[in-house]
Amino acid sequence: KIDLDRSLQGDFDPLEPRDHPGFGKEDWAFLHVPGPLPGASPGARIRLRPFTSLPVPGSGIIPTFSLIGYSIVHQGLGISPDCRVVESGPEDLGGGAWQGQLLDDCDSGKGASGGGLVASLGGSHYLVGIRAGAHWDERLYPSLRYPAGPPDGAAWDVRTNTNVSRSVDEGMVEALQRFLVEIAGMRRQPRVF
């Protein structure tokens, strides 16, 4: 049961031009779900962490990435482990249109949008991105022949075929912290019906 009074969403405008540097920045929402989640391990936690705060390649500390999202095939949550993740730049399909656009090769299908891109580091797990969709080169995968995008098994290449996630950033972390303080305050106050 979701209490919409205990929800928060970013100021996202889906009609904004996609090549605008800020497109997707506020594309997030938080919902408070009271009580333990069914099937969740006691003490299991995934914290938010900005992607840019992860150790950089060559530092000797290498995070591993997974996507946790809905799978239409399994009719429930699925995990795609051992993904490769890079931040978009000027030479790829994302074009580096906005800071925080992540490209990955996680195995996913319809329904995975909104799933969590998780970095595992030193035994801890961090939500670093939220799946937004996919990009592909229309010349290689024309929509008349590939209406659902590249076929299963198509090679991942940031210039021709990639998934896209919206990175967790400092603004999102701060919004969540304010939301948690607000929820804690709501718990202490009697509710009027």
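So, here is what we can say about the structure in this document. Keep in mind that what you see is a predicted model, and the values were worked out from it rather than measured.

Before going further, it helps to spend a moment on the pairing of strand S5 (residues 76-83). Where strand S4 (residues 64-71) and S5 come together, 6 bridges link them in antiparallel fashion. The partner of serine 71 across the bridge, within S5, is glycine 76. From the end of S4 to the start of S5, which pair antiparallel, there are 4 residues, and glutamine 75 there has a positive phi angle of about 55°.

Using the criterion set out here, one finds 3 aromatic pairs in the structure. Measuring from ring centre to ring centre gives 6.1 Å for phenylalanine 51 and phenylalanine 65, while their planes differ by 35°; the resulting arrangement is tilted. Of this pair, phenylalanine 51 sits in the loop between strand S3 (47-48) and S4 while phenylalanine 65 sits in strand S4, placing them 14 residues apart in sequence. On the accessibility criterion, phenylalanine 65 (9% relative accessible area) is buried. Centre to centre, the rings of tyrosine 141 and tyrosine 146 are 5.5 Å apart; their planes meet at 75°, and the pair counts as edge-to-face. Per residue, the accessibility class of tyrosine 141 equals that of tyrosine 146, and both read buried. Just above the ring of tyrosine 126 sits the side chain of arginine 49; from NZ or CZ to the centre is 4.9 Å.

Computed from the structure, the second largest pocket encloses a volume of approximately 980 Å³. For the second largest pocket, the lining is made up of 36 residues, of which Asp107, Ser108, Gly109, Asp152 and Asn163 are closest to its centre. Those elements giving two or more residues to the lining of the second largest pocket turn out to be S4, S5, strand S9 (124-136) and strand S10 (161-167). In the lining of the second largest pocket, the residues fall into 15 nonpolar, 15 polar and 6 charged.

Inspection of the sheet shows S4 paired to strand S8 (residues 116-121) by 5 bridges, in the antiparallel sense. When the bridges of S8 are listed, phenylalanine 65 appears paired with alanine 119.

Phe51, Leu54, Phe65, Val85, Leu117 and Val128 are the most contacted members of the largest nonpolar core, which has 14 residues in total. Broken down by element, this core gets its largest block of residues, 3 residues, from S8. When near neighbours in sequence (up to four residues on either side) are disregarded, phenylalanine 65 contacts Phe51, Leu54, Ser80, Pro81, Asp82, Cys83, Val85, Val118, Ala119 and Val128. Within the second largest apolar cluster, 12 residues are counted, among which are Trp28, Ile130, Met172 and Phe179.

Thresholds applied
- In this numbering scheme, every chain counts its residues from 1 along its sequence in written order.
- Where local features are concerned, this predicted model is filtered to residues with pLDDT of at least 70; where side-chain atom pairs are given and counted, the filter is 80 or more; whole-chain, interface and lining totals use all residues.
- Derived side-chain values reflect all non-hydrogen atoms in the structure, with water molecules and hydrogen atoms excluded from consideration.
- In this analysis, strands are considered paired if DSSP registers two or more bridges between them.
- Going along the chain from the N terminus, every DSSP run of H or I of four or more residues is numbered as a helix, and every run of E of two or more is numbered as a strand.
- Any two rings among Phe, Tyr and Trp, with Trp reduced to its six-membered ring, count as a pair given centres within 6.5 Å; such a pair is stacked if its planes are under 30 degrees apart, edge-to-face if over 60, and tilted if neither.
- Residue burial is assigned from relative accessible area. The probe radius is 1.4 Å, only protein chains are included, and a residue is buried under 20% of its type maximum, exposed over 50%, and partly exposed in between.
- Throughout this description, the term charge over a ring refers to an Arg CZ or Lys NZ atom that lies within 6 Å of the ring centre and within 35 degrees of the ring normal.
- Method remark: on a 1 Å grid restricted to protein atoms, a set of points is classed as a cavity if a 1.4 Å probe fits but cannot get out and as a pocket if it is open with protein on both sides within 12 Å along at least five of seven lines; lining residues have an atom within 4 Å of a point.
- Grid points are joined across faces, edges and corners, and a volume is the space filled by probe spheres set on the points.
- When residues are grouped by polarity, Ala, Val, Leu, Ile, Met, Phe, Trp, Tyr, Cys and Pro land in nonpolar, Asp, Glu, Lys and Arg in charged, and all others, Gly among them, in polar.
- Residues grouped as a nonpolar core are buried Ala, Val, Leu, Ile, Met, Phe, Trp, Tyr and Cys residues, joined through side-chain atoms within 4.5 Å.
- Contacts are assigned to residue pairs that have any heavy atoms within 4.5 Å of one another.

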